[in-house]
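Chain by chain, the residues:
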Amino acid sequence: MRFPIGLFLTASIFAQQLAAQNATRRQPELGHRQVSLLTVNGLQFKDLNHNGKLDAYEDWRLPAHARAANLVSLMGLEDLAGVMVHGTVPAASGANAAIGMGSGYDYAKAKELIDGRRINTFITRLGGDPANIAESNNRLQELAESAHFGIPLTISTDPRNNFLYVPGASVEAGSFSKWPETTGLAAINDAALTRRYADIVRKEYIAVGIREALSPQADLATEPRWSRLNGTFGEDADVAGKQVEAYVEGMQKGRTGLNAGSVVTVVKHWVGYGAQRDGLDSHNYYGRYSDVTTEQLPYHIRPFLGAFDAKVAAVMPTYSILDKVTLDGKPLEQAGAGMNKQLLTGLLRGKYGFKGAIVSDWGITSDCGDICKNGMPAGQRPGVSQIAMSWGVEDLPRPERFAMAINAGVDQVGGTEDVAALLDANKSGKLSEARMREAVTLLMEQKFEIGLFENPYVDAAAAKKVVGDPASLAAGEAAQQRAMVPLKKPAANLLKSGVKVWLFHIDGSAAEAAGYKVVESPEEADVALIRAETPWESPHKGYFFGSRQHEGRLNFQPGDAAYDALLKCGKTPVLMTVYMDRPAILTEVKDRVAGLWADFGVSDRALLGVLSGKARAEGHLPFELPSSMEAVEQQQSGLPHDSKNPLYPYGYAAK
């Protein structure tokens, strides 16, 4: 048989390259519990498909793209479909087991998802002891190692190193280092600190077997009523862009793309999510629209450019429908961004040249029925069964939703294990096998790049030393203090050692440990210390997310517990801090206190350090604080710094 000369030369060159690599590359550590090792030319490799020979995808000497191409060429349609969904690790028990929260995993259910449905990407919501999280994830990897092709799992998480904990958006910090919200990092505006923060989080994630971060938010905080504003880097696009870029660098261990030390980073939510109509969030049917306009859209894109510069691995589209935007003179299709080919293939991949993975947000292919749209009857608590965010395509059959999302540009559909519907989309001819192979090749390449195929296992005993490392905890607490913004400085130091304090929402033991005497009433106190949060309402209690999110007004009024506590203090001087999960209106507060601060998540100990003057609050407001609800209602959701006569402007800090 005669071979084409080009093929011969290519093979010859490849052989030379491989020989050169063999001379320089060292044997990596191979973590294995279920497969045998192969020895070839004195080197060891994992026999992941148990066929007794070295396949190209098992050969760690080859580049990631070559290994991915080989593996995908061996896959059938069922294998492809399993890669293209991002499931949830099932919890063993507990009230929130349906969304993966509990004390442990249900390994029997996990095996069916991994081995039966061939899914190999999962979000974990497991908390508690770091060693338990690590070994639990190891057990999942052991199941994956014995499954078809031995493809290791990519285990992801929502943010878990901050203060606000909302199921479906974040995970309780527990033993992980605790930092201010990302709005607090924007208040500090120190890219080096944000890079260090992300680097510490990266090490903590890797220690417990988490290799994908469903963060950061590059959304802009231009709508002050929006309930997810606290996860952003504020309302200024340039500041947010630099912070997002630093975050990606820290999480992916550099700015040249994925490597063996990376956590795959998913920047979100493309695009315009921060301009939610009336501040209502698009996790909910009633909040499915963004009010960003065609003219405002470039401003909301700018923070993503920092992520692109740092070679971010993945992008997550928003749920929202953008009904005030045209692209290239054409109105956008009225479907959520995860279904929108103009926003994904046209804008993200076309104009901005993004070559990483597109991972949809959760539930965009799920069924939204009557309860999802109208909420539960009064007095009934909504459950997880109503979670669905298929905005604009609710009436399509589920397989068509999968086809629409993937054909729009999505490579992996988040929050589902419904591989059958994805396969039905292919069988019906609405989703091509070629498109599936394209998506899976990209996703597999990322697994190879971060070294999962060589060793997906972690040292559970060492996890406790990394998660909860004293230096990391101290760095987080110092950042909490630095992020605080002085809005009104007291004329004198009221919090000297030994003074009598009355406390509201501050732990008495922390105050006593700091050298203060805690009293029972404001009248007995030398100074009152009040910890407050931005006021909020809950008008949508019949909705799963609406019942958990802060909506509505931002101004203090009688009936708000912290404001009532302030009024109770009479002539006793008050030092007050307000947690800014949204921009509070402080018009009724500022003249009633001796000292006033904005915080973005701070422990009692760290707070007392700032109020006493022992630690310095260095933050500047990452968004303006409006003067009234009327001003809020008149501002435009997609514009920054535009409320009339703000009480405290963007960037303010008392001198």
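Look up a bit, the structure's there.
(A) Expanded view of helix α14 (residues 433-449). Compared with an ideal rise of 1.5 Å per residue, which puts 17 residues at 24 Å, α14 spans 24 Å between its outermost C-alpha atoms and is within 8% of the ideal. All of the buried residues along α14 are R435, M436, A439, V440, L442, L443, M444, Q446, K447 and F448.

(B) Structural detail: the state of the cysteines. Evaluation of the coordinates by the stated rule reveals one disulfide. With a sulfur-sulfur separation of 2.0 Å, C368 is cross-linked through a disulfide to C372. With the S-S bond torsion at -95°, the cross-link from C368 to C372 turns out left-handed. Just as C368 is buried, C372 falls in that class too.

(C) Inspection of the sheet that holds strand β3 (residues 85-88) at higher detail. The strand order β13-β9-β7-β6-β5-β4-β3-β14 describes an open sheet built from eight strands, whose pairing is parallel. Across the chains shown, the open sheet's two edge strands, defined by having one partner strand only, are β13 (357-358) and β14 (413-414). Of the pairings in the sheet, the one linking β3 to β14 comprises two bridges and is parallel in character. Bridging from a neighbouring strand, H86 pairs with G414 of β14.

(D) How the structure looks around the packing of helix α4 (residues 107-116) against helix α5 (residues 130-145). For the pair α4 and α5, the least separation of the axes is 10 Å and the interaxial angle reads 40°. Comparing their axes, α5 and α4 come out oblique. Handedness of the α4/α5 crossing: right-handed. Listed contacts from α5 to Y107, A110, K111 and I114 of α4 are S136, R139, L140, L143 and A144. Across the contact of α4 with α5, the residue classes break down as six nonpolar, one polar and two charged.

(E) Focus on the pairing of strand β2 (residues 43-46). Two elements, strand β1 (residues 37-40) and β2, share four bridges in a ladder whose sense is antiparallel. Within β2, the residue paired with L37 across the bridge is K46. Count of turn residues in the β1/β2 antiparallel hairpin: two residues, of which N41 carries a positive phi of about 55°.

(F) Fine view of the packing of helix α2 (residues 64-74) against α14. Running from N to C, α2 and α14 cross one another at 130°; their axes reach a closest spacing of 8 Å. As judged from the angle between their axes, α2 and α14 are oblique. As for how α2 packs across α14, the hand of that crossing is right-handed. Where α2 abuts α14, its residues A64, H65, R67, A68, L71, V72 and S73 lie against R437, V440, T441, M444, E445, F448 and E449. Residue composition of the contact of α2 with α14, by class: seven nonpolar, three polar and four charged.

(G) Inspection of the pattern of salt bridges at higher detail. Under the defined criterion, the tally for this structure stands at 32 salt bridges. Between R225 and E223 there is a salt bridge, with its nearest N and O atoms 2.9 Å apart. Accessibility assignment for this pair places R225 and E223 in one class, buried. Close ionic contact of E618 with R482 constitutes a salt bridge, the shortest N to O distance being 3.1 Å. One end of the pair, E618, is in the loop between α19 (604-611) and α20 (629-634); the other, R482, is in helix α16 (residues 470-483), with 136 residues separating them in the sequence. On the accessibility criterion, E618 (31% relative accessible area) is partly exposed. Counted as one network, the salt bridges with shared partners bring together R195, E245, E249 and R255.

(H) Main features of the packing of aromatic side chains. One pass over the full model with this rule turns up 18 aromatic pairs. Seen in terms of ring centroids, W226 and Y273 are 4.7 Å apart; in terms of plane orientation they differ by 70°. Their pairing is edge-to-face. In this pair, W226 is assigned in the loop between β6 (212-213) and α8 (237-252) and Y273 in the loop between β7 (264-270) and β8 (289-290), connecting sequence segments 47 residues apart. Taken individually, W226 and Y273 each receive the classification buried, so the pair is uniform in this respect. For the pair W270 and F304, a centre-to-centre distance of 5.1 Å together with 85° between the ring planes defines the contact as edge-to-face. Residue W270 is found in strand β7, and its partner F304 is found in helix α9 (residues 297-309); the two are separated by 34 residues along the sequence. If you follow R139 out to its NZ or CZ, it ends over the ring of Y107, 3.7 Å from the centre.

(I) Representation of helix α10 (residues 341-351). Residues of α10 that are buried include every one of L343, L344, L347 and L348, and no others. The buried residues of α10 occupy an angular sector of 125° when the element is viewed end-on, so they sit on one face. With a side-chain oxygen lying 3.1 Å from the backbone nitrogen of Q342, the N-terminal cap of α10 falls on N340. Positive backbone phi, approximately 65°, marks G353, located one or two places after α10.

(J) Highlighting the pairing of β7. Judged by how many residues are buried, β7 sits mostly within the fold: seven of seven residues are covered. Of the pairings in the sheet, the one linking β6 to β7 comprises two bridges and is parallel in character. From the neighbouring strand, A213 faces β7, where its bridge partner is T265. A crossover connection joins β6 to the parallel β7 through α8; in handedness this β-α-β unit is right-handed.

(K) Looking closely at the environment of G329. With respect to the helices and strands, G329 occurs in the loop between β11 (326-327) and β12 (330-331). What makes G329 exposed here is its relative accessible area of 68%. Sequence-wise, G329 and P317 are 12 residues apart; in three dimensions their C-alpha atoms are separated by 22 Å.

(L) Structural detail: the environment of F176. Within the secondary structure, F176 is located in the loop between β5 (154-157) and α6 (182-188). Considering only alpha carbons, one finds F176 and W270, 94 residues apart in sequence, at a separation of 28 Å.

(M) Geometry of the sheet that holds strand β18 (residues 527-533). Taken in spatial order, the six strands of this open sheet run β15-β20-β19-β18-β16-β17, and their pairing is mixed. The sheet is open, and its two borders are formed by β15 (485-488) and β17 (517-518), each paired with just one other strand. Strand direction decides the pairing type here: strand β16 (residues 500-504) and β18, joined by four bridges, are parallel. Opposite V501, over in β18, you have V527 as the bridge partner. Packed onto the sheet, α19 meets β18, β19 (574-579) and β20 (595-599) and runs at close to 125° relative to β18.

(N) Focus on the environment of N120. By the element assignment, N120 lies in the loop between α4 and β4 (121-123). Note: C-alpha distance between N120 and K109 (11 residues apart in sequence) is 14 Å. Each residue touching N120, except ones within four places of it in the same chain, is listed here: G82, V83, I151, P152, L153, T154, M444 and K447.

(O) Seen up close, the side chain of R553. You can see R553 is positioned in the loop between β18 and α18 (561-568). For R553, a relative accessible area of 13% translates into the label buried. Polar side-chain contacts of R553 include one of 2.5 Å to the backbone oxygen of N555.

What counts, and where the lines are drawn
Residues numbered from 1 in each chain as written. Predicted model: local features only at pLDDT ≥ 70, side-chain atom pairs only at ≥ 80, totals over all residues. Heavy atoms only, no water. Helix = DSSP H or I, 4+ residues; strand = E, 2+ residues; numbered from the N terminus. Expected span 1.5 Å × (residues − 1). Buried < 20%, exposed > 50% of the residue type's maximum accessible area, 1.4 Å probe, protein only. Disulfide = S-S within 2.5 Å. Pairing = 2+ DSSP bridges. Axes fitted to C-alpha atoms, helices over the stretch in contact; angles between N-to-C directions. Parallel < 35°, antiparallel > 145°, perpendicular 65-115°, else oblique. Left-handed = near helix turned anticlockwise from the far one by under 90°. Contact = heavy atoms within 4.5 Å. Nonpolar A, V, L, I, M, F, W, Y, C, P; charged D, E, K, R; others polar. Salt bridge = Lys/Arg side-chain N within 4 Å of Asp/Glu carboxyl O. Phe/Tyr/Trp six-rings, centres within 6.5 Å; stacked < 30°, edge-to-face > 60°. Lys NZ or Arg CZ within 6 Å of the ring centre and 35° of its normal. Arc of directions from axis to C-beta. Polar contact = N/O pair within 3.5 Å; in protein donor to acceptor, adjacent residues only side chain to side chain. Right-handed = clockwise from strand over helix to strand, strands pointing away.

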